[in-house]
Amino acid sequence: DAQTGARQKTTVRLLWDDVFLYASYQCEDTGITARFTERDDPTYLDDAVELYVNPNPAQDLTYYGFEMNARGVMYDYFLTFPKFILLKRFNLEGFRLATTIDGTLNQSADQDKGWTLEVAIPWANFSDLGARPKPGTAWKMQLVRWDGTEPNRRLSIWSDSALESAFPHNPVRFGTVRFIE
């Protein structure tokens, strides 16, 4: 798929402690759009970031997906690949999510600077696939940004999905994250 629209920088940072996995996304963005407002709305159609987590790298068929728009709305699920069975009944518990917008949301007449999203996810949410990590533990993850809305939209992903179309869901190709002190 041909992607259109200007390329804009995204910086992601991951941290962890005894309670949470933290992800911080800093997104340059000249036109911030986030229309969806309710939990489990299709936030991926907005300016959005995504985090896919597989806490058990011995298998590469299932993972947790967290898709969050610039407004700070969460769309969460458990996914089985390649059949693409999406279990939307999964509901992340005890998470914290915040956004900061440097510009005006949903107003295309002006020039925005960008937005930041931070999420903290309690380890207990990953217990079905893996235990809370210790230093040296490796998990598989994918970091994603959807920038813009149709028809001017770009996908940025950390680990190349090796798929022909702009599609980040290929857990075999997720990157490895090693937890260090």
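Refer to the structure presented above.
Residues numbered from 1 in each chain as written. Predicted model: local features only at pLDDT ≥ 70, side-chain atom pairs only at ≥ 80, totals over all residues. Heavy atoms only, no water.

As a general point, the strands of a sheet are linked pairwise by backbone hydrogen bonds and lie either parallel or antiparallel. The antiparallel open sheet is built from 4 strands, whose spatial order is 1-2-8-7. Each having just a single partner strand, strand 1 (10-16) and strand 7 (96-102) make up the two edges of the open sheet. Mean inter-strand twist for the sheet, computed between neighbouring axes without regard to direction, equals 10 degrees. For strand 1 and strand 2 (residues 20-28), the ladder comprises 7 bridges, and the chain directions are antiparallel. (Pairing = 2+ DSSP bridges. Helix = DSSP H or I, 4+ residues; strand = E, 2+ residues; numbered from the N terminus. Axes fitted to C-alpha atoms, helices over the stretch in contact; angles between N-to-C directions.)

Another point: the nonpolar core. Counting 29 residues, the largest nonpolar core has Leu-21, Tyr-25, Leu-51, Val-53, Phe-66, Phe-126 and Met-141 as the members making the most contacts within it. Of all the secondary structure elements, the ones that give two or more residues to this core are strand 2, strand 3 (48-54), strand 4 (62-69), strand 5 (74-80), strand 8 (114-122) and strand 9 (138-149). Beyond its immediate chain neighbours, meaning those up to four positions away, Val-53 contacts Leu-21, Tyr-63, Tyr-64, Phe-66, Phe-126, Trp-139, Lys-140 and Met-141. Counting 10 residues, the second-largest nonpolar core is a separate cluster that includes Tyr-75, Val-144, Leu-155 and Phe-174. (Core = buried A, V, L, I, M, F, W, Y, C linked by side-chain atoms within 4.5 Å. Buried < 20%, exposed > 50% of the residue type's maximum accessible area, 1.4 Å probe, protein only. Contact = heavy atoms within 4.5 Å.)

Right, let's talk about the packing of aromatic side chains for a bit. Applying the stated criterion to the full structure yields 18 aromatic pairs. Where Tyr-52 meets Tyr-63, the ring centres are 5.5 Å apart and the plane angle is 45 degrees; that geometry is what we call tilted. Note that Tyr-52 is positioned in strand 3 and Tyr-63 in strand 4, a separation of 11 residues in sequence. Pair check on accessibility: Tyr-52 and Tyr-63 agree, each one buried. Judged by centre distance (6.2 Å) and plane angle (55 degrees), the rings of Trp-123 and Phe-126 are tilted. The exposure class of Trp-123 is buried, given its relative accessible area of 6%. Looking at Phe-126, the relative accessible area reads 0%, which means it is buried. Taken together, the aromatic side chains of Trp-16, Tyr-64, Phe-66, Phe-78, Phe-90, Trp-123, Phe-126, Trp-139 and Phe-179 make up a single cluster linked through ring pairs. (Phe/Tyr/Trp six-rings, centres within 6.5 Å; stacked < 30°, edge-to-face > 60°.)

A few words on the pattern of salt bridges. For the structure on display, the rule yields 6 salt bridges. For the salt bridge of Arg-132 with Asp-18, the shortest nitrogen-to-oxygen distance reads 3.7 Å. Note that Arg-132 is positioned in the loop between strand 8 and strand 9 and Asp-18 in the loop between strand 1 and strand 2, a separation of 114 residues in sequence. What makes Asp-18 exposed here is its relative accessible area of 60%. One salt bridge in this structure joins Arg-35 and Asp-46, with 3.0 Å as the shortest N-O distance. Of this pair, Arg-35 sits in the loop between strand 2 and strand 3 while Asp-46 sits in the loop between strand 2 and strand 3; the two residues are 11 residues apart in sequence, bridging distant segments of the chain. Assessed through its relative accessible area of 45%, Arg-35 is described here as partly exposed. Given a relative accessible area of 0%, Asp-46 falls into the buried group. The network of salt bridges with common partners includes Asp-29, Arg-145 and Asp-147. (Salt bridge = Lys/Arg side-chain N within 4 Å of Asp/Glu carboxyl O.)

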